[in-house]
Structure formats: C-alpha cells, structure tokens
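Notes for the structure review
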Amino acid sequence: SGRGKCNTCHAGPLFTDFAVHNVSTSPPSASGERADEGHFLVTGEEKERLLGSADALLFPSLCWEAVGLVMLEAFAHGVPVIASRTGGIPEFIEEGRTGFLVKPGDAVALATHIDRLAGDRAPIEAMREACRASAARLTWARTIGELVEVYKVAVGRLENRAPLTGALTDNRKG
C-alpha cells in the first residue's frame, strides 16, 4: 500500500452540490483524525478551481445514474473519475484510461483505487490527456447532431412503412 496523498473531489446523489476531500493514506492520529483531511461544499468559480487541482473525482453512486454532469466536468479539467458501475456511467469511463469503475457499494475497491493513485502519480498524469480528449468529444453540438440523426432514421422508417390496414384503420373511419 502506498503512503501518499490524493486530492479528490466527490459527487453523488446524496450531496446537494460538490464536495472536496483531501484524502490521505497516512495513518491517523491517536484520536483517529488526520490533520490534512477536510470536507466542504463549494459552487461556482471555487468549484472550478478545486476541480482543476484535483487528482481524481470520486463518484460512488449507489443508484442508477444516466450520467453525472460533474463527471464530464472532471474530464474537461483532465481529472480521472473513480465511479460506480451503474446506469450510464460505464458508457463514459474507459477503464484505466479515463478512470476506474467499481461495483456500487464496494468501498474496498474504491479505497484500493484511491490508494493506488496516492502511491503513484504516474497513472494520474497519464490519464489527464485522455480525460480532456473524452470531454472534447462530448460537445452539445455533437450531441444534438447525433440526436437529429436518430430522429431522421426514425422518421425515415415511418415514411417507408406500409399503410395500416384491417380493423385498426376501419375503426378510424367510422
């Protein structure tokens, strides 16, 4: 186990905004506390500043998530994400390239990834560019363009469909 420090940001459905944790893998004091740990909620520019300085985003959701916007914000800042393998989250994380996935509720796996990153900064630095590249591909223009294409395919299928016949159309006439 590495002995180091990994600055993480944490987000999830139980938080009303955005929390920042300084996670230390050094042993706690006799009272059980670590002097270098902190937890607080932030918004706006302060959130952006802290996210930009984070080593990882922790997104350990226990419920189905379509996608967390905070995860995409982390990618834009070059911050890898350690998240639960639930809902749409796995669609956005490339294992080992832009982050890591853990089974929902698996605190040991989450801690293992944090400990590994705290003990060796090389993986964090290697992931930063992949995270930024992933975020660059996820623009509103591209998303809307892809959605329009889906609609075009759907409309095309409707236009090429054979007309309804039988009892359904007969009931409409009269």
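Structure shown above.
Attention here is on the structure that accompanies the text. (Residues numbered from 1 in each chain as written. Predicted model: local features only at pLDDT ≥ 70, side-chain atom pairs only at ≥ 80, totals over all residues. Heavy atoms only, no water.)

**Describing the side chain of Thr 98**
By the element assignment, Thr 98 lies in the loop between strand 5 (81-84) and strand 6 (99-102). Looking at Thr 98, its side chain comes within polar contact range of the main-chain nitrogen of Glu 94, at 2.8 Å. Leave out the neighbours within four places in its chain, and Thr 98 touches Phe 75, Pro 80, Val 81, Phe 92, Ile 93, Met 127, Ala 130, Cys 131 and Ser 134. (Helix = DSSP H or I, 4+ residues; strand = E, 2+ residues; numbered from the N terminus. Polar contact = N/O pair within 3.5 Å; in protein donor to acceptor, adjacent residues only side chain to side chain. Contact = heavy atoms within 4.5 Å.)

**Focus: a nonpolar patch on the surface**
On the surface, Trp 140, Ile 144 and Val 148 cluster together into a nonpolar patch covering about 350 Å² of accessible area. Position of Trp 140 among the secondary structure elements: in helix 5 (residues 140-159). Given a relative accessible area of 68%, Trp 140 falls into the exposed group. (Patch = residues over 30% accessible without salt bridge, like charges linked within 9 Å, V, L, I, M, F, W, Y side chains within 5 Å. Areas by Shrake-Rupley, 256 points an atom, 1.4 Å probe, with all protein chains shown as cover. Salt bridge = Lys/Arg side-chain N within 4 Å of Asp/Glu carboxyl O. Buried < 20%, exposed > 50% of the residue type's maximum accessible area, 1.4 Å probe, protein only.)

**Brief notes about the environment of Ile 89**
Structurally, Ile 89 can be placed in the loop between strand 5 and strand 6. Measuring from C-alpha to C-alpha, the distance between Ile 89 and Val 67 comes to 5.4 Å, with 22 residues separating the pair along the chain. With near-sequence residues (within four places) excluded, Ile 89 lies in contact with Phe 59, Ser 61, Glu 65, Ala 66, Met 71, Ala 83, Ser 84 and Leu 101.

**Considerations on the environment of Phe 75**
Its place among the elements puts Phe 75 in helix 2 (residues 69-76). Leave out the neighbours within four places in its chain, and Phe 75 touches Val 81, Phe 92, Ile 93, Thr 98, Cys 131, Arg 132, Ser 134 and Ala 135.

**Details of the pairing of strand 4 (residues 56-59)**
Across the two faces of strand 4 the burial is the same, with Ala 56 and Leu 58 and Leu 57 and Phe 59 all buried. Bridge count for strand 4 against strand 5 is three bridges, and the pairing is parallel. Its bridge partner being in strand 5, Leu 58 is matched across the sheet by Ile 82. Assessed by its sense of winding, the connection that carries the chain from strand 4 through helix 2 to strand 5 is right-handed. (Pairing = 2+ DSSP bridges. Right-handed = clockwise from strand over helix to strand, strands pointing away.)

**A look at the pattern of salt bridges**
The final tally for this structure, using the stated rule, is nine salt bridges. For Glu 125, the salt bridge identified is with Arg 128, shortest N-O distance 3.5 Å. Pair noted here: Glu 125 and Arg 128 are both in helix 4 (residues 122-137), with a separation of three residues, about one helical turn. Looking at Glu 125, the relative accessible area reads 44%, which means it is partly exposed. Taken together, the shared-partner salt bridges in this structure form one network comprising Asp 55, Arg 121, Glu 125 and Arg 128.

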